Amino acid sequence: MKYEAVIGLEIHVQLNAATKLFCDCPNRPGDEPNRNTCPVCLWFPGAFPRLSREALEKAVLACLALNCTIQPVSAFDQKVYYYPDLPKGFQLSQHHKPLARNGWIDIAGENGEPRRLRIHHIHLEEDVAKLVHETEGRTPISLVDFNRAGTPLIEIVSEPDMRSPHEAMEYVKTLRGQLRYTGSAECSMEKGTMRVDANISLRQEGSSGFNTKVEVKNMNSIRNVGDAIAYEIRRQTECLEKGEPIVLHTRLWDPDKRATAPMRGKFSGPCIPDPSVASIVINEEWLNEIRGMLPEMPDRKAARFSGDYGLTPDEAAAMSLERDISDFFEAAAKSGAAPRKAANWIAVHLAPALRDRGAALAETPLSAERFAALLSLLEKEIINPQSAKEVLLQLLATDESPEKIVEKGGYGQVSDAVELDALIDRVIGEHPADVADYRKGNAKVLGFLMGIAMKASKGKANPKLLREILAKRLG
Ligand SMILES: [Zn+2]
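If you're wondering where the values come from, they're calculated on a predicted model, not measured in any experiment.

### Let's talk about the nonpolar core
Counting 66 residues, the largest nonpolar core has V13, A59, C63, L66, A168 and A198 as the members making the most contacts within it. Broken down by element, this core gets its largest block of residues, nine residues, from helix α1 (residues 53-65). Setting aside residues no more than four positions away along its own chain, A59 makes contact with L15, L99, L124 and I154. Residues A318, I325, W345 and L378 belong to the second largest nonpolar core, which totals 32 residues.

### As for the environment of I325
Among the structural elements, I325 can be located in helix α7 (residues 323-334). Not counting chain neighbours up to four residues away, the residues in contact with I325 comprise M319, I346 and L361.

### A few points about helix α5 (residues 298-309)
For α5, spanning 12 residues, the distance from its first C-alpha to its last is 15 Å, which sits close to the expected 16 Å at 1.5 Å a residue. Within α5, burial applies to P298, K301, A302 and F305. Buried positions in α5, seen along its axis, are confined to an arc of 105° and lie on one side of it. Exposed side chains of α5 directed beyond 90 degrees from the buried face belong to R300 and G307. One or two residues past the end of α5 sits G310, with phi positive at roughly 65°.

### Quick look at unusual backbone geometry
Positive phi, close to 65°, is recorded for N34, a residue that is not glycine. For W43, which is not glycine, the phi dihedral falls at a positive 60°. Turning to its location among the elements, W43 is positioned in the loop between β1 (3-14) and α1.

### Describing the domain arrangement of the protein chain
Taken domain by domain, the protein chain comprises domain 1 (3-288), domain 2 (296-409) and domain 3 (417-474). Taken together, the six residues of domain 1 in the interface contact six residues of domain 2. With four residues, helix α2 (residues 165-182) is the largest single contributor of residues to the side of domain 1 that touches domain 2.

### Digging into the packing of helix α10 (residues 385-395) against helix α11 (residues 402-409)
Put simply, α10 and α11 touch, their axes get as near as 10 Å, and they point 115° apart. As α10 packs across α11, the resulting crossing turns out to be right-handed. On α11, the residues that touch V391, Q394 and L395 of α10 are P402, I405 and V406. For the contact of α10 with α11, the class distribution of residues is five nonpolar, one polar and no charged.

Rules behind the numbers
- Residues numbered from 1 in each chain as written.
- Predicted model: local features only at pLDDT ≥ 70, side-chain atom pairs only at ≥ 80, totals over all residues.
- Core = buried A, V, L, I, M, F, W, Y, C linked by C-beta atoms within 7 Å.
- Buried ≥ 20, exposed ≤ 12 C-beta atoms within 10 Å, placed from the backbone.
- Helix = DSSP H or I, 4+ residues; strand = E, 2+ residues; numbered from the N terminus.
- Contact = placed C-beta atoms within 7 Å.
- Expected span 1.5 Å × (residues − 1).
- Arc of directions from axis to C-beta.
- Domains from an automatic or database assignment.
- Axes fitted to C-alpha atoms, helices over the stretch in contact; angles between N-to-C directions.
- Left-handed = near helix turned anticlockwise from the far one by under 90°.
- Nonpolar A, V, L, I, M, F, W, Y, C, P; charged D, E, K, R; others polar.

In structure tokens, the structure reads:
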């Protein structure tokens, strides 16, 4: 029997509002433990929660960016459960009347075909406290940090529309890009400001029913989301092939073992309407005001980039996925960089270099103007692509101009025919066996000798000219 996967994602996103959801404590969970607390977020009896207007605005902006319909009336419920990270015994969340419903995002499917993935609803909720387990010492203890208690979250619940790890990863990547555009959230899986849980089940290919699902938690990167889902699909397939039933439970992804393992279940109780926080009533006038705050979103920006700058659809999509990259690209193009060249260098060299450093563009001294100046040196053949890559890496660390870096580092390209001729002379003299090999018809030797000659020039030779001279001299 052939199976197909049915995948739905529940994503918690921490809004970057200045305060917590129901009090004026700073929304900074990373501060020294238990600094950012008050009777409301320590959940003392009798304390009076008041909804943060800023958090609501940011939540609504996020919902609009994900094409949801904002509900005219939404309300909080008490989600009952008992655990040391929630001493009051319930979490304020929206269960019966969520903030928004019926959204969607478009992704590129497995073969590049467009796929629309639906969002069931988005609701507001407060985060719970954080447990810190100290396992060293004679008696292991668990500590409770209330800095995170009451920080504003939205939970984005998808429909079970995804069919593969690829679609789930694209969904998360696209959703993260859209939310970052709005400026409502940082969405860092590494830092825990975006947490993704996956519900996975299998069914016979072509059927439309739903079978028992398994929830997987604890993935801290988009790659881990894909790996954990792929693992879970294999595990469930093996179970079904052995005739073992799938049991409803929660598993944790272990990134070291690259496997999921069952976790201990938490008691969870009912959701009952909360009497302490007033319902949220949203009128059309206020909603239009928030709508006016939405920036140009990635799909529209991609269409404009294609038209204004002649990018291919793939290039335009890559340049518009993240807001900082799209702003950088456009500023570079406006500073005189050839747009397609700039897009190519951003995608192929700059983005991977930023990933290696784990840095955002804004955290480096690189400006679009200096990037454009670098591409101009390349365009004018003052430096070759190899040197340009090295200069780019230096631009990420200093605020010197590319011209200065080229001058100081001696990156200037050698296009002097006499100088290159002498270099080739030396290379040919030092590799008689390879030269003979080439002349017997082994064409691959040309590339090998080209590499030697380029290395001998310390990477600075004009590659086109060097190849010409070498080919001519080898006959
Ligand atoms: Zn507080």
